[in-house]
Amino acid sequence: MGEIVLVIALLFAMSGSSAQGKVLAAPNVASAVIHFVCCSYSPSEVVIQPGESVEWDGDFGMHPLVSDDGLWNTPTVGTQFVYTFTMTGTFLFHCAIHGGAGGAGMSGRVIVKEVRE
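So, here's what we can say about the structure.

Cut-offs and rules
Residues numbered from 1 in each chain as written. Predicted model: local features only at pLDDT ≥ 70, side-chain atom pairs only at ≥ 80, totals over all residues. Heavy atoms only, no water. Helix = DSSP H or I, 4+ residues; strand = E, 2+ residues; numbered from the N terminus. Buried < 20%, exposed > 50% of the residue type's maximum accessible area, 1.4 Å probe, protein only. Contact = heavy atoms within 4.5 Å. Salt bridge = Lys/Arg side-chain N within 4 Å of Asp/Glu carboxyl O. Phe/Tyr/Trp six-rings, centres within 6.5 Å; stacked < 30°, edge-to-face > 60°.

1. Re the overall build of the protein chain
Of the regular secondary structure elements, the protein chain holds one helix and eight strands. Secondary structure of the protein chain in N-to-C order comes out as α-β-β-β-β-β-β-β-β. By the burial criterion, 33% of the 117 residues in the protein chain qualify as buried. Put simply, of all contacts in the protein chain between residues at least 6 apart along the chain, 56% involve residues at least 24 apart.

Written as structure tokens, this is what we have:
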């Protein structure tokens, strides 16, 4: 049953729908990449501009990625997740098992801001 839900989610993400989070087939698409192992993100903070994406690489079975704001929940399988940030702000995230909302434990943040030239 879990595989069916994942396949449906993958098809939905690849269909060009308005969903922003996607499970990637091709690497190196994101503006920033965050790697993780137990129990930390590296880097734990990235700064990007609106419209850019962040890729998380690691074992989502052991470290399910959760947005503090509810923007996404990653699948509990797989090793890559990309999210495109469209608005400025600071967006916190954490591991559902080893972290907590507000920066507790295994957590990090994405800062999205306009870069003025």
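2. Comments concerning the pattern of salt bridges
Following the criterion strictly, the structure yields one salt bridge and no others. In this structure, R109 engages E45 in a salt bridge whose closest nitrogen and oxygen atoms are separated by 2.5 Å. Here R109, found in strand β8 (residues 104–112), pairs with E45, found in strand β3 (residues 45–48); they are 64 residues apart in sequence, far enough to count as distant.

3. Concerning the packing of aromatic side chains
Under the defined criterion, the tally for this structure stands at eleven aromatic pairs. When the ring of W72 is compared with that of Y83, the centres are 4.9 Å apart and the planes differ by 40°; the resulting orientation is tilted. Placement of the pair is W72 in the loop between β5 (65–67) and β6 (80–84) and Y83 in strand β6, with a sequence separation of eleven residues. Residue W72 shares its accessibility class with Y83, and that shared class is buried.

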